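# An overview of the molecular structure
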Amino acid sequence: YLPIWTFDLGGVIKYTAERVESEDNPFGKRQYRTVRVTDEYPISVNDQPVPATRKLAKPLARLLRTFELDAVKPYDPRYLADWPAEVYDVPMGDASLDARGQAFKAMKADLPNLLGSITLISSSSAGMRVESFKLVLLPVWMTDIRQGGKDHLVLINGQNGAAHGDTLEKKTNLFEWLADVLED
């Protein structure tokens, strides 16, 4: 089991943008003008995941998008019986800053699509807040594969079998990957 933090984020993104407006003048000709807008856009993000272990942060971050975080079961110590679990070493405060940064980056990129045809000039995450957080243990299998004289770490999602590792260029399903490995 590998630990992750999940954060629910809310609040607003403050932004300044420009949009082009048109109007007909008294002579029947259309005139265009650029209007500057300063406003806020509400944000609501559920379960923004952040790896809670530094040792496996990069490979785990890539595997995170394959998990259904809504399907994760509440903690029960019986799940850990005879199974190793990684202890978190990323403090919640540090992880919350990462979660805010990730959510802000995604929303900032999508803001022009959400608001119509605007040109974003500036934006601020100062109005965003962490509303809740959880420490979650995800079922992950880990293995090293020796290929080309080098060991490669492979992480396998314990929910659905999706796999990720630097040897898995395009194969993301455990069964496809195993078929390729066993053919060799």
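Preceding this paragraph is the structure being described.
Residues numbered from 1 in each chain as written. Predicted model: local features only at pLDDT ≥ 70, side-chain atom pairs only at ≥ 80, totals over all residues. Heavy atoms only, no water.

### Re helix α1 (residues 57-64)
Every buried residue belonging to α1 is among P59, L60, L63 and L64, and all of these are buried. All buried residues of α1 project into a common sector of 145 degrees when viewed along the axis, lining one side. At its buried positions, α1 is contacted by β1 (2-24), β3 (45-51), β5 (128-138), β6 (140-147), β7 (150-157) and β8 (163-165). (Buried < 20%, exposed > 50% of the residue type's maximum accessible area, 1.4 Å probe, protein only. Helix = DSSP H or I, 4+ residues; strand = E, 2+ residues; numbered from the N terminus. Arc of directions from axis to C-beta. Contact = heavy atoms within 4.5 Å.)

### Details of the nonpolar core
In this structure, F7, L9, I13, I43, A95 and M128 are the most contacted members of the largest nonpolar core, which totals 19 residues. Elements with a contribution of two residues or more to this core: β1, β3 and α2 (92-115). Every residue in contact with A95, bar those within four places of it in the chain, is listed here: W5, F7, V50 and V90. Residues L64, L69, V136 and V140 belong to the second largest nonpolar core, which totals 12 residues. (Core = buried A, V, L, I, M, F, W, Y, C linked by side-chain atoms within 4.5 Å.)

### Section: the sheet that holds β8
In spatial order, the strands read β6-β7-β8; together these three strands make up an open sheet with antiparallel pairing. Looking at the sheet topology across the chains shown, the edges are occupied by β6 and β8. On average, adjacent strands in this sheet sit at an angle of 25 degrees to one another, irrespective of strand direction. Direction of pairing for β7 relative to β8: antiparallel, over a ladder of three bridges. Along β8, the bridge assignment pairs L155 with H164. (Pairing = 2+ DSSP bridges. Axes fitted to C-alpha atoms, helices over the stretch in contact; angles between N-to-C directions.)

### Here we look at a nonpolar patch on the surface
Together, V87, Y88 and L135 line one region of the surface with nonpolar side chains, adding up to about 290 Å² of accessible area. Here L135 shows up in strand β5. Residue L135 is classed as partly exposed on the basis of its relative accessible area of 39%. (Patch = residues over 30% accessible without salt bridge, like charges linked within 9 Å, V, L, I, M, F, W, Y side chains within 5 Å. Areas by Shrake-Rupley, 256 points an atom, 1.4 Å probe, with all protein chains shown as cover. Salt bridge = Lys/Arg side-chain N within 4 Å of Asp/Glu carboxyl O.)

### Observations concerning the pairing of strand β2 (residues 30-42)
Consecutive side chains along a regular strand alternate between the two faces of the sheet. Inspection of the sheet shows β1 paired to β2 by 13 bridges, in the antiparallel sense. Paired with E21 across the two strands is R33, which belongs to β2. As consecutive antiparallel partners, β1 and β2 are separated by five residues, and within that stretch G28 has a phi angle of approximately 80 degrees, a positive value.

### Regarding the environment of S122
When you line up the elements, S122 lands in strand β4 (residues 119-124). With 106 residues separating them in the primary sequence, S122 and T16 have C-alpha atoms 5.2 Å apart. Beyond its immediate chain neighbours, meaning those up to four positions away, S122 contacts K14, Y15 and T16.

### Considering the pattern of salt bridges
This model, assessed by the stated rule, comprises seven salt bridges. The partner of D24 in a salt bridge is R30, and the shortest N-O contact between them spans 3.6 Å. In this structure R30 comes out as partly exposed when scored by relative accessible area, which is 46%. Connected via shared salt-bridge partners are R19, E21 and R33.

### Some remarks on α2
In this model α2 runs 33 Å from its N-terminal to its C-terminal C-alpha over 24 residues, within 8% of the 34 Å that 1.5 Å per residue would give. For α2, the set of buried residues is A95, S96, A99, A103, F104, M107 and L111. Tucked into the core, α2 has its buried residues touching β1, β2, β3, β4 and β5. Backbone geometry just after α2 places G116 at a positive phi near 95 degrees. (Expected span 1.5 Å × (residues − 1).)

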